[in-house]
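The residues making up each chain are set out below.
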Amino acid sequence: MKHFKLGDYSFQIKAFEAENNTLQSEYRFKKPITITLVYDVEQMLKINKKVVSNEVTNEDVDPVLLLWDVKNQTWFQAAKTCPEPWTYVDKKAKVFKVKVCHLTQFALFWTFKAENGIFEFDKGVNDTLPRPPPNALIEEDNNVLYNRERYGGEMVLNIARYKGSTDPIILTWAVTIEPNAPPSFTVSPMFGELEFSEGQWNSSIHLWFPVVPETNQEIRIFVKLLNVSGGAMLGKFTRVKITFTPTVGQSEVKTPLENNSSNKTDLLLKILLPCLSSISLIIGIMATIYLCRGWKRYHAVNQAETSFIDKDPP
């Protein structure tokens, strides 16, 4: 766990030895003494604003008094100079007490549980303006409605890092498609990693939808944050549902029975129409022949009658 220093200063406590009239900087006590300090959270945040956000509160901060080890040239907890370490923190009053058994150079540091960050999907609720396409518009129920006009085959899901941003962090994520989705529906990529450097607060997952078939049913996928490295934590909002609404209306889609009946009707028409055309042609030819024969008979009878009338009597 990283310790944040409160400012660029430290303090030194020395023991005065009356017998020799001298100050001793590395004096050891037979019994512990108590050091009481008052700390300022706002000052702590301001000094470390590169890696600590304003979301950190009094309840998050854990002050710690460190002691400079001259021999090893490093800081370590002052409370551990006593056989039985003891500390007390009143976070409401911002008062810190610690028992020490060794005097030397001291400095007040502090730490907090989420110093490596808390990772969640970012709804963008603090943005003054809506994020432009293809950034996802996440609704209150953590759902995104896919709209072809807005997203055009792609979507960006924003990830935020809250409270602390110390150390590099790797976040892993994955996509799950509901089983009832059409086989032709595809998402790319289906999983991946995001790398956050120290001091980096934001990143994003970029999804592509190469094929979104026309269908009369909803298609749903889920994007989930799976894991983070380096002591970071996942927040509460770690899963987003993306819903692809039906692209074909119910009135435009036939049921299997209707499709079956329609297919049978089409097949019958394909068979019968040529037959009906042939029958009509035959009937037409027969009618023409019949009319021609009738006309010839009528014409022959008419000529015979005319000849009989014009002939002179004997």
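Conventions adopted
Residues numbered from 1 in each chain as written. Predicted model: local features only at pLDDT ≥ 70, side-chain atom pairs only at ≥ 80, totals over all residues. Heavy atoms only, no water. Pairing = 2+ DSSP bridges. Helix = DSSP H or I, 4+ residues; strand = E, 2+ residues; numbered from the N terminus. pLDDT = per-residue confidence, 0-100. Contact = heavy atoms within 4.5 Å. Salt bridge = Lys/Arg side-chain N within 4 Å of Asp/Glu carboxyl O. Axes fitted to C-alpha atoms, helices over the stretch in contact; angles between N-to-C directions. Polar contact = N/O pair within 3.5 Å; in protein donor to acceptor, adjacent residues only side chain to side chain. Disulfide = S-S within 2.5 Å. Buried < 20%, exposed > 50% of the residue type's maximum accessible area, 1.4 Å probe, protein only. 1 Å grid on protein atoms, 1.4 Å probe; cavity = no way out; pocket = protein on both sides within 12 Å on 5 of 7 lines; lining within 4 Å. Points joined across faces, edges and corners; volume = space filled by probe spheres on them. Nonpolar A, V, L, I, M, F, W, Y, C, P; charged D, E, K, R; others polar.

Attention now goes to the sheet that holds strand 11 (residues 118–121). If you trace the four strands from one edge of the open sheet to the other, you get 16-13-11-18, paired in mixed fashion. Looking at strand neighbours, the two that pair on one side only are strand 16 (202–208) and strand 18 (233–234), the edges of this open sheet. Both strand 11 and strand 13 (residues 154–162) contribute to a ladder of four bridges, which runs antiparallel. Its bridge partner lying in strand 13, Glu-120 is registered against Ala-160.

Right, let's talk about the confidence of the model for the protein for a bit. Per-residue confidence for the protein gives a mean pLDDT of 81, with 74% of residues at or over 70. In the predicted structure, residues 250–262 sits below a pLDDT of 50 and forms six contacts with residues beyond four places in sequence or in another chain. For residues 304–314, every residue scores under 50 in pLDDT, and the model assigns this stretch zero contacts once sequence neighbours within four places are set aside.

Looking now at the environment of Asn-180. Turning to its location among the elements, Asn-180 is positioned in the loop between strand 14 (169–177) and strand 15 (191–196). A C-alpha to C-alpha distance of 9.1 Å links Asn-180 and Gln-217, two positions 37 residues apart in sequence. Asn-180 has contacts with Gln-217, Glu-218 and Arg-220, leaving out every residue within four places of it along the chain.

Throughout the structure, instances matching the rule amount to five salt bridges. Across the salt bridge formed by Lys-163 and Asp-60, the nearest N and O atoms sit 3.1 Å from each other. With Lys-163 in the loop between strand 13 and strand 14 and Asp-60 in the loop between helix 1 (41–47) and strand 6 (62–69), the pair connects residues that are 103 residues apart, well separated along the chain. Between Glu-218 and Arg-220 there is a salt bridge, with its nearest N and O atoms 2.6 Å apart. Each of Glu-178, Glu-218 and Arg-220 takes part in one network of salt bridges that share partners.

Glancing now at the sheet that holds strand 12 (residues 143–146). Reading across the sheet, the five strands line up as 12-19-17-14-15 and stay open at both edges, with mixed pairing between neighbours. Strands at the two margins of the open sheet, each flanked by one partner only, are strand 12 and strand 15. Each strand axis lies, on average, 20° off the axis of its neighbour in the sheet, ignoring direction. Pairing geometry for strand 14 and strand 15, over six bridges, is antiparallel. Residue pairing across strands places Ile-169 opposite Phe-196, the latter belonging to strand 15.

We now examine the side chain of Asn-158. Mapped onto the fold, Asn-158 is located in strand 13. In terms of polar contacts, Asn-158 uses its side chain to reach the side chain of Asn-135, at 3.1 Å. Beyond its immediate sequence surroundings of up to four residues, Asn-158 is in contact with Glu-120, Phe-121, Asp-122, Arg-131, Asn-135, Ser-203 and Ser-204.

Before going further, it helps to spend a moment on the state of the cysteines. Structurally, a disulfide amounts to a covalent bond that connects the sulfur atoms of two cysteines. Using the criterion set out here, one finds one disulfide in the structure. Covalently, Cys-82 is tied to Cys-101 through a disulfide, its sulfur atoms 2.1 Å apart. Every disulfide takes its handedness from the sign of the S-S torsion; for Cys-82 and Cys-101 that torsion is 110°, giving right-handed. Of this pair, Cys-82 sits in the loop between strand 7 (74–77) and strand 8 (87–90) while Cys-101 sits in strand 9 (residues 95–102), and the two are 19 residues apart along the sequence. The same class applies to Cys-82 as to Cys-101, namely buried.

Considered as a void within the structure, the largest pocket measures approximately 240 Å³ in volume. Along the wall of the largest pocket there are 14 residues; nearest its centre are Glu-55, Asp-122, Asn-126, Ala-160 and Tyr-162. With three residues, strand 13 is the single largest residue contributor to the lining of the largest pocket. Broken down by class, the residue content of the lining of the largest pocket amounts to five nonpolar, three polar and six charged.

This brings us to the pairing of strand 17 (residues 219–228). Of the pairings in the sheet, the one linking strand 14 to strand 17 comprises seven bridges and is antiparallel in character. Bridged to Leu-171 within strand 17 is Val-228. In terms of strand pairing, strand 17 meets strand 19 (residues 239–244) through six bridges, oriented antiparallel. Note that in strand 19 the partner of Lys-224 across the bridge is Arg-239.

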